[in-house]
Amino acid sequence: MTRSRPVLAIDGGPPVRQRLLPYARQLIGEDDIAAVVTTLRGDWLTTGPAVKAFEERFAAAVGARHAVAVSSGTAALHGAAHALGLRPGDEAVVPALTFVATANAMCYLGARPVFADVQRDTLNVDPAAVEAALTPRTRAVFTVDFTGMPVDYDAFRELAAGQNLALVSDAAHALGARYRGRPVGALATLTTFSLHPVKHITAGEGGVVVTDDPELALRIRNFRNHGITSDHHEREAVGSWWYEMRELGFNYRLTDFQCALAQSQLGKLTDWTARRRAIAARYTEAFAGVPELELPTVPGWAEPAWHLYVVRLNLERLRAGRREVFAALRAEGIGVNVHYIPVPWHPYYQALGYRRGCWPVAETEYERMLSLPLWVGMTPADVEDTIAAVTKVLAAYRR
Ligand SMILES: Cc1ncc(COP(=O)(O)O)c(C=O)c1O
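Here goes a summary of the coordinates provided. (Residues numbered from 1 in each chain as written. Predicted model: local features only at pLDDT ≥ 70, side-chain atom pairs only at ≥ 80, totals over all residues. Heavy atoms only, no water.)

Secondary structure summary: the protein chain contains 14 helices and 13 strands in total. Over its C-alpha trace the protein chain gives a radius of gyration of 22 Å, about what one expects of a compact globule, namely 21 Å for 399 residues. Along the first, second and third principal axes, the C-alpha atoms of the protein chain reach 90 × 55 × 40 Å. Taking all 399 residues of the protein chain together, the buried fraction comes to 55%. Taking the contacts inside the protein chain whose residues are at least 6 apart along the sequence as the reference set, 73% of them involve residues at least 24 apart. Positive and negative charge centroids in the protein chain, built from 42 and 42 side chains respectively, lie 5 Å apart. (Helix = DSSP H or I, 4+ residues; strand = E, 2+ residues; numbered from the N terminus. Rg over C-alpha atoms; globule rule 2.2 N^0.38 Å. Buried < 20%, exposed > 50% of the residue type's maximum accessible area, 1.4 Å probe, protein only. Contact = heavy atoms within 4.5 Å. Lys, Arg positive; Asp, Glu negative; His and termini not counted. Charge placed at Lys NZ, Arg CZ, Asp CG, Glu CD.)

Listed below in structure tokens is the structure:
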């Protein structure tokens with residue numbers, strides 16, 4: 001006797017839900033709107049007190065001495081790479097599995113990203129692969145807390161200290177995460193965050209670099225403002241109209257009304273992190289023992305921030321590939337996504353000479369990955385719809 005399988009929406013059956021559930025989106029409250037409006041009615045739209053207030057709050061929240069707000073997570077990475085003085089001829093090691101922005105930060109400065117493979121369990125960059133990628137030209141190691149799962153910071157700190165390298169943590173996924181009880185933000189030479197709407201808190205667009213090093217912070221402050229010195233005392237000493245551009249920078253400033261939004265959102269981070277953890281826990285409970293899925297591994301040191309919940313398909317148990325499962329879930333109204341295409345696969349990097357096949361874990365695991373919807377505004381019904389759709393699609397494609 002064969003069990004009857006539900007007809008998938010992609011095959012003409014009724015979908016689990018009519019409106020597509022996005023994989024991520026922002027949650028904006030009336031208090032956030034009020035904070036922005038108050039700032040819009042004030043004297044400063046940019047470079048004003050809301051920027052400073054947000055920076056101070058953010059630094060305190062992540063356990064760092066200095067925070068510099070910039071216009072995106074990408075600008076934060078560019079600022080970090082600039083502050084370290086990366087230049088042509090230098091190399092920096094980056095994970096092969098991340099968003100392109102992590103590696104692009106080196107390219108902006110003419111330095112070369114050297115891609116390192118990730119670990120099979122966490123999909124975080126592998127300390128042994130990073131060590132193997134070091135050369136006399138290596139100046140920095142960039143890690144990424146992929147999905148919000150902290151890397152083994154002790155291993156990377158030891159590696160960086162032993163080789164006299166800077167450690168940069170791209171924590172775009174990891175605001176609110178902790179490593180051995182310490183907040184991500186207090187663990188690397190420089191740590192960067194993103195305030196994009198899919199992230200833990202948003203400013204529309206925005207980013208933050210944090211560090212304990214006042215000189216690095218100052219370099220980034222100047223860099224976000226064309227490279228113009230921002231030391232007011234120095235300026236006053238030579239006349240208030242006088243300023244100096246000492247190195248090439250950009251306009252990477254974040255406005256006051258964006259900082260007001262981000263600060264309002266930051267006040268909710270603790271509750272929102274708890275909500276993300278509860279959604280992740282519900283997925284883990286619902287999918288435990290589903291043989292077609294491999295669920296995220298949480299190392300003992302990690303209190304993850306769950307930017308993403310990435311499952312991996314056990315393809316040998318399915319009659320369909322990731323492409324079909326992806327399309328079937330979207331037809332059911334579940335906006336799954338894939339994070340990420342290995343960075344060196346992109347045509348820009350291929351043209352620079354990187355070749356496929358050098359990062360076997362990232363490249364193999366990429367073929368099996370799916371990100372399930374995960375954001376703070378999801379209702380319990382949204383979470384259950386996702387579980388129902390995944391269960392339905394896997395049942396239909398089960399071997
Ligand atoms: C790992 C990682 N780094 C950097 C960024 C860039 O952030 P932004 O979009 O704010 O420029 C992102 C954005 O998705 C990201 O996921």
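Additional details are given in the paragraphs that follow.
Another aspect to go through is the nonpolar core. In terms of nonpolar packing, the biggest core is built from 48 residues, with L86, M106, F115, F142 and L190 touching the most fellow members. Broken down by element, this core gets its largest block of residues, 6 residues, from helix α3 (residues 73-83). Sequence-distant contacts of F115, that is, excluding residues within four places in its chain, are made with V94, P95, A96, A103, V343, P344, Y349, Y354 and W359. Among the nonpolar cores identified, the runner-up in size contains 46 residues, and A116, L159, L167 and A177 belong to it. (Core = buried A, V, L, I, M, F, W, Y, C linked by side-chain atoms within 4.5 Å.)

Take the sheet that holds strand β9 (residues 207-211) next. Sheet strands pair by backbone hydrogen bonding; their relative direction is either parallel or antiparallel. Ordered by their spatial adjacency, 7 strands build an open sheet running β1-β9-β8-β5-β4-β2-β3, and the pairing between neighbours is mixed. The open sheet has two free edges, formed respectively by β1 (66-70) and β3 (112-116), since each of these has just one partner strand. In this sheet, neighbouring strand axes are inclined to one another by 20° on average, regardless of whether the strands run parallel or antiparallel. Seen against the sheet, helix α2 (residues 49-62) touches β1, β8 (190-194) and β9 and runs at an angle of roughly 130° to β1. Packed on one face of the sheet, α3 meets β1, β4 (138-144), β5 (166-170), β8 and β9 and runs near 165° to β8. (Pairing = 2+ DSSP bridges. Axes fitted to C-alpha atoms, helices over the stretch in contact; angles between N-to-C directions.)

Attention shifts here to the site of the ligand. As a matter of local geometry, the ligand sits amid 16 residues, with G73, T74, D170, S194 and K199 nearest to it. The contact in question runs from an oxygen atom of the ligand to an N or O atom on the backbone of G73, over 2.8 Å. Measuring from an oxygen atom of the ligand, one finds a side-chain N or O atom of H173 at 2.9 Å. Considering the ligand on its own, with 390 Å² of exposed area, one finds that the protein chains cover 90% of that surface. In a pocket analysis with a 2 Å cut-off to the grid points, the ligand is assigned to the second largest pocket. For the shell around the ligand, the leading source of residues is α3, giving 3 residues. A breakdown of the residues in the shell around the ligand according to their chemical character gives 6 nonpolar, 8 polar and 2 charged. (Near = heavy atom within 4 Å. Polar contact = N/O pair within 3.5 Å; in protein donor to acceptor, adjacent residues only side chain to side chain. Areas by Shrake-Rupley, 256 points an atom, 1.4 Å probe, with all protein chains shown as cover. 1 Å grid on protein atoms, 1.4 Å probe; cavity = no way out; pocket = protein on both sides within 12 Å on 5 of 7 lines; lining within 4 Å. Sits in = over half its atoms within 2 Å of the grid points. Nonpolar A, V, L, I, M, F, W, Y, C, P; charged D, E, K, R; others polar.)

Over the atoms, a rolled probe matching the size of one water molecule traces out where space is still vacant. For the structure on display, the rule yields 2 cavities of 30 Å³ or more. Reported here for the largest cavity is a volume of approximately 100 Å³. Space inside the second largest cavity adds up to approximately 50 Å³. In this structure, the second largest cavity is lined by R25, Q26, L27, P197, K199, H200, I201, T202, Q265, W272, R276 and V376. Taken together, the residues that form the lining of the second largest cavity break down as 5 nonpolar, 4 polar and 3 charged. (Points joined across faces, edges and corners; volume = space filled by probe spheres on them.)

So, on to the sheet that holds strand β11 (residues 302-303). Strand order in the open sheet made by the 3 strands is β7-β6-β11, with antiparallel pairing throughout. In this open sheet, the two strands that pair with only one neighbour each are β7 (182-183) and β11. Of the pairings in the sheet, the one linking strand β6 (residues 178-179) to β11 comprises 2 bridges and is antiparallel in character. Bridged to R178 within β11 is E303.

A word on the pairing of β5. With 5 of its 5 residues buried, β5 lies for the most part within the structure. Alternating positions in β5 separate into two faces, A166, V168 and D170 on one and L167 and S169 on the other, with burial throughout. As paired strands, β4 and β5 are joined by 5 bridges and run parallel to one another. Bridge pairing links A140 to A166 in β5. Once the chain exits β4 it traverses helix α6 (residues 153-163) before rejoining the sheet at β5, and the crossover so formed is right-handed. Across 3 bridges, β5 lies against β8 in parallel orientation. (Right-handed = clockwise from strand over helix to strand, strands pointing away.)

What follows deals with the packing of α3 against helix α7 (residues 214-223). Where α3 contacts α7, the axes come no closer than 9 Å and their chain directions differ by 125°. Put simply, α3 runs oblique to α7. When the axes of α3 and α7 are compared, the crossing they make is right-handed. For the pair formed by α3 and α7, the contact residues are H78, G79, A80, H82 and A83 on the first element and L216, R219, I220 and F223 on the second. (Parallel < 35°, antiparallel > 145°, perpendicular 65-115°, else oblique. Left-handed = near helix turned anticlockwise from the far one by under 90°.)

This part covers the pattern of salt bridges. This model, assessed by the stated rule, comprises 22 salt bridges. We note a salt bridge from E247 to R219, for which the minimum N-O separation is 2.8 Å. With E247 in the loop between α8 (232-238) and α9 (256-266) and R219 in helix α7, this residue pair connects regions lying 28 residues apart in the sequence. Two residues, E332 and K392, come together in a salt bridge whose shortest N-O distance is 2.8 Å. With E332 in the loop between α11 (322-331) and α12 (347-351) and K392 in helix α14 (residues 380-397), this residue pair connects regions lying 60 residues apart in the sequence. Each member of the salt-bridge network shares a partner with another, and the members are R120, E294, R312, E365 and R368. (Salt bridge = Lys/Arg side-chain N within 4 Å of Asp/Glu carboxyl O.)

Geometric values such as these leave the question of function open.
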